[in-house]
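This is what each chain is made of:
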Amino acid sequence: MNPTPTVHVVEDDPAMTSALCVLIKTMGFTVESYASAEEFLRMYRSRDPECLVLDIRLPGMSGLELQRELTKSGVSLPIIFITGHGDPVIAATAKRQGSVSYLEKPFPSQTLCQSIREAITLRP
Amino acid sequence: MSGFSSEQYSRLIEELHSYQAELETQNRQLLASDANYREIFNAVNDALLVHDGTTGKVLDVNAAACAMYGVTPDEARGMDVMDLTSGEPGYTQDVVNRRIAEIADVGTAVFEWRAKRKSGEPFWVEVSLRRTTIGGRDRVLAVVRDITERRLAEEALRRARDELESRVTQRTEELTAVNARLREEVAERKTSERRRRQLEADLAHVGRLTTMDEMAGSLAHELNQPLGAIVLHAEVLAAKMRNACSSAIAPELIESATAIAKQAHRAGELVRRMRQFAKHATPKRAPLAPSEAVAEVVSLMGNDLRDAGIALVVDADSSLPVVSADKILLQQVLLNLMRNAVEAMTATPRNARWLDVQAKVDGDSLIVAVRDTGCGIPVEKAGRPDELFGAFFSTKSDGLGMGLAISRSIVESHGGRIWATPNPDQGTTFTFTVPFAAEDREHESNTDGPRR
């Protein structure tokens, strides 16, 4: 049996972070949260299986930039983008860069749960 | 000897003597009369010439005539009229003949004439001709007056009048030209005033649109965060309650938690619609001369700067390369920065209010800096550009806090950057860049920012 999957959450809004953590814990997964892309890059340790829930708009490095950074350094981590600022162009960019899902806040918890499960099974 | 007695003879002799004496007296009288006549003839100031009524030849002249024509009486006698006439067109033998014929009918004639001295010099005279009979012969008496002076005076007068006229004409032309120029200037001023008003209207319009955009965008983002959290919390709560021992929890609580999530979704939907209503305008790029765009905004700010007693220094050379950008949007940015600068200097002493606007080339970008000597940015905010350029951040008590957020959105939509630096002495410098080459990352930066 696989170990407990880990979900990394990069989100700068504390209320949103806490809600995400509660939900993901309820799903029975481990949660690691980071307040910025920079913090994630500093603290991230690969687990297996795992996925990343990533806010697009962040102080400093943006979610899209982090995604590019990860691809560049060869980290293949399935990404679920969440945004409070829905935009078709950004959604397209995220998809093009290989994200699993793109969710606009506020989204139903079920949708996120489903996306996370999909992302974890995608883990090569 | 017969017939004559000595008495008769001596009477005859006596008679003869008496006749002779009378004759001598008469002769003396005649000579005196002729001398008188000469005396008078010569004493007249005007030139007098006596012509033969038939041939026109000069028979006699007075002293004044000799002086006038420069001839001796002997030279004059026997001269032809043409010897005393200039011969210029209009003063020829034909005309002389016509004049003489005229006085045959009328008796007198007065006219101006071009006479000629012996030296050949022509001069102006006034001639009075009178047909008369002297000693039973047909004669023409000519009274000639030199009118050179009069003609000169007339000529001078005519010239003076002509000159006056030409000066009046010239002055009129000058005035007409000035008038036309004035009218042109007025028209130009009207055109530039119209352009100015158009620019003001455009900027106000874009200002309203971008403000609405920015507010909608920022509100959406700000609201979607808590809404997202509410939904997740409420749904987790509802799910947990559903999974818990059902008897312990009233179904109304589950309903409530579900309703909370549902209402949060509904609010999210409203926010989404509001955002769609105010869509970010994509910049309409066109070649733009930086110095011109700057000058227009500066002219719009003119009154505010004067009222606030702010000394303005503009350094935007017309040789700056053309940049591809949305003129109105960029002008909106400059206007925002300049207005902020003016407001920042409210507390600055009037003689220390300086505003520098500088545009120059920096690498592959146009760089525009707006430097003030104002109150500066509060220390605690200076190091937090995300907050400074975020929506709803304002140092002004009545500020909406949209100006810098809008400015950043516009600059980033052009692929540029905007930042603030505190000046070493006083005030702040706001700087933004616009790449000369239109970049492809325009969309991303547009929608990526503003970051919080």
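Rules used in this analysis
Residues numbered from 1 in each chain as written. Chains lettered and ligands numbered in written order. Predicted model: local features only at pLDDT ≥ 70, side-chain atom pairs only at ≥ 80, totals over all residues. Heavy atoms only, no water. Helix = DSSP H or I, 4+ residues; strand = E, 2+ residues; numbered from the N terminus. Buried < 20%, exposed > 50% of the residue type's maximum accessible area, 1.4 Å probe, protein only. Contact = heavy atoms within 4.5 Å. Areas by Shrake-Rupley, 256 points an atom, 1.4 Å probe, with all protein chains shown as cover. Salt bridge = Lys/Arg side-chain N within 4 Å of Asp/Glu carboxyl O. Axes fitted to C-alpha atoms, helices over the stretch in contact; angles between N-to-C directions. Parallel < 35°, antiparallel > 145°, perpendicular 65-115°, else oblique. Nonpolar A, V, L, I, M, F, W, Y, C, P; charged D, E, K, R; others polar. Patch = residues over 30% accessible without salt bridge, like charges linked within 9 Å, V, L, I, M, F, W, Y side chains within 5 Å. Polar contact = N/O pair within 3.5 Å; in protein donor to acceptor, adjacent residues only side chain to side chain. Core = buried A, V, L, I, M, F, W, Y, C linked by side-chain atoms within 4.5 Å. Buried area = accessible area lost by both parts, 1.4 Å probe. Pairing = 2+ DSSP bridges. pLDDT = per-residue confidence, 0-100.

1. Considerations on the overall build of chain A
Moving on, step 1. When helices and strands are counted, chain A shows five helices and five strands.
Moving on, step 2. Going from N to C terminus, chain A has its helices and strands arranged as β-α-β-α-β-α-β-α-β-α.
Moving on, step 3. Every one of the 124 residues in chain A was classed for burial, and the buried ones make up 56%.
Moving on, step 4. Within chain A, counting contacts between residues at least 6 apart in sequence, those at least 24 apart form 64% of the total.
Moving on, step 5. Within the structure as shown, chain A displays about 5,300 Å² of accessible surface, and the carbon and sulfur contribution to it stands at 54%.

2. A few points about the overall build of chain B
Moving on, step 1. Helix and strand counts for chain B stand at 12 helices and 12 strands.
Moving on, step 2. Sorting the 452 residues of chain B into buried and exposed places 37% on the buried side.
Moving on, step 3. In the structure as shown, chain B presents an accessible area of about 26,600 Å², 54% of it carried by carbon and sulfur atoms.

3. Considering the pattern of salt bridges
Residue and element names in this part refer to chain A.
Moving on, step 1. What the rule picks out here adds up to 32 salt bridges over all chains.
Moving on, step 2. Salt-bridge contacts for Lys72 lead to Glu69; the nearest nitrogen and oxygen are separated by 3.9 Å. A residue pair is termed a helical-turn pair when its members lie 3 or 4 positions apart in one helix, as Lys72 and Glu69 do in helix H3 (residues 63-72) at three residues.
Moving on, step 3. Here Lys72 falls in the exposed class, since its relative accessible area comes to 68%.
Moving on, step 4. The exposure class assigned to Glu69 is partly exposed, which follows from its relative accessible area of 28%.

4. Comments concerning the packing of helix H5 (residues 148-243) of chain B against helix H8 (residues 327-344) of chain B
Residue and element names in this part refer to chain B.
Moving on, step 1. H8 packs onto H5 with a crossing angle of 85° between their chain directions and a minimal axis gap of 9 Å. In this view, H5 runs roughly perpendicular relative to H8, as classed from their interaxial angle. Of the residues in H8, those touching H5 at Leu199, Asp202, Leu203, Val206, Gly207 and Thr210 are Ile328, Leu329, Gln331, Gln332 and Leu335.
Moving on, step 2. Looking at the contact of H5 with H8 residue by residue, the classes come out as six nonpolar, four polar and one charged.

5. Focus on a nonpolar patch on the surface
Moving on, step 1. A contiguous nonpolar surface patch, about 390 Å² in accessible area, is contributed by Phe4, Tyr9, Leu12 and Ile13 of chain B.
Moving on, step 2. Here Ile13 of chain B lies in helix H1 (residues 6-43).

6. Side note on the side chain of Asp60 of chain B
Residue and element names in this part refer to chain B.
Moving on, step 1. Residue position: Asp60 is located in strand S2 (residues 58-61).
Moving on, step 2. Residue Asp60 is classed as buried on the basis of its relative accessible area, which comes to 10%.
Moving on, step 3. Reaching out from Asp60, the side chain makes a polar contact with the side chain of Arg77 at a distance of 3.4 Å.
Moving on, step 4. With residues up to four places along the chain from it excluded, the contact list for Asp60 reads Tyr37, Arg38, Phe41, Leu48, Leu49, Val50 and Arg77.

7. Here's the deal with the nonpolar core
All names here are of chain B.
Moving on, step 1. In terms of nonpolar packing, the biggest core is built from 45 residues, with Leu334, Leu337, Met338, Leu355 and Phe432 touching the most fellow members.
Moving on, step 2. Among the secondary structure elements, those contributing two or more residues to this core are H5, helix H7 (290-307), strand S8 (323-325), H8, strand S9 (354-362), strand S10 (365-372), helix H11 (403-413) and strand S12 (428-435).
Moving on, step 3. The element best represented in this core is H8, accounting for 10 residues.
Moving on, step 4. Ignoring any residue separated from it by four or fewer positions in sequence, one finds Leu355 in contact with Leu305, Ile310, Ala311, Leu312, Val313, Met338, Ala341, Met345, Val370, Arg371 and Asp372.

8. Concerning the interface of chain A and chain B
Moving on, step 1. Taken together, the contacts link 35 residues of chain A with 28 residues of chain B.
Moving on, step 2. The three residues of chain A that bury the most area against chain B are Arg57, His85 and Pro106 of chain A, which together make up 26% of that side's buried surface.
Moving on, step 3. There are one salt bridge connecting chain A and chain B.
Moving on, step 4. Two residues, Glu104 of chain A and Arg272 of chain B, come together in a salt bridge whose shortest N-O distance is 2.8 Å.

9. Some details on the sheet that holds S9 of chain B
Residue and element names in this part refer to chain B.
Moving on, step 1. Taken together, five strands build an open sheet; the order of strands is S7-S9-S10-S12-S11 and the sheet is mixed. Every interior strand has two partners, whereas the edge strands, strand S7 (311-316) and strand S11 (418-422), have only one. Put simply, the sheet's adjacent strands are angled 15° from each other on average, direction ignored.
Moving on, step 2. Two elements, S9 and S10, share eight bridges in a ladder whose sense is antiparallel. Bridge pairing in S10 places Leu355 opposite Asp372.
Moving on, step 3. Here H7 sits on the sheet and contacts S7, S9 and S10; the angle it forms with S7, its principal contact strand, is near 175°.

10. Considerations on the sheet that holds strand S1 (residues 47-52) of chain B
Residue and element names in this part refer to chain B.
Moving on, step 1. Taken in spatial order, the five strands of this open sheet run S2-S1-S5-S4-S3, and their pairing is antiparallel. Of all strands in the sheet, those bounded by a partner on one side alone are S2 and strand S3 (108-116). Going across the sheet, the axis of each strand differs from the next one's by a mean of 30°, ignoring polarity.
Moving on, step 2. Relative to S2, S1 runs antiparallel, the two sharing three bridges. Paired with His51 across the bridge in S2 is Val58.
Moving on, step 3. With respect to the sheet, H1 is in contact with S1 and S2, its orientation differing from that of S2 by roughly 85°.
Moving on, step 4. Across the sheet, H5 lies against S3, strand S4 (122-134) and strand S5 (137-146), angled at about 135° from S4, the strand it touches most.

11. Thoughts on unusual backbone geometry
Moving on, step 1. For the bond from Asp48 of chain A to Pro49 of chain A, the omega torsion is -5°, close enough to zero to count as cis.
Moving on, step 2. That bond from Lys105 of chain A to Pro106 of chain A is cis: its omega, -5°, falls within 30 degrees of zero.

12. Digging into the confidence of the model for chain B
Residue and element names in this part refer to chain B.
Moving on, step 1. For chain B, per-residue confidence averages 85 on the pLDDT scale, and 90% of positions sit at 70 or higher.
Moving on, step 2. Mean pLDDT values over the elements of chain B span from 40, in helix H12 (residues 442-448), up to 95, in S10.
Moving on, step 3. Both scores are given for the predicted complex: the pTM is 0.51, the ipTM 0.87.

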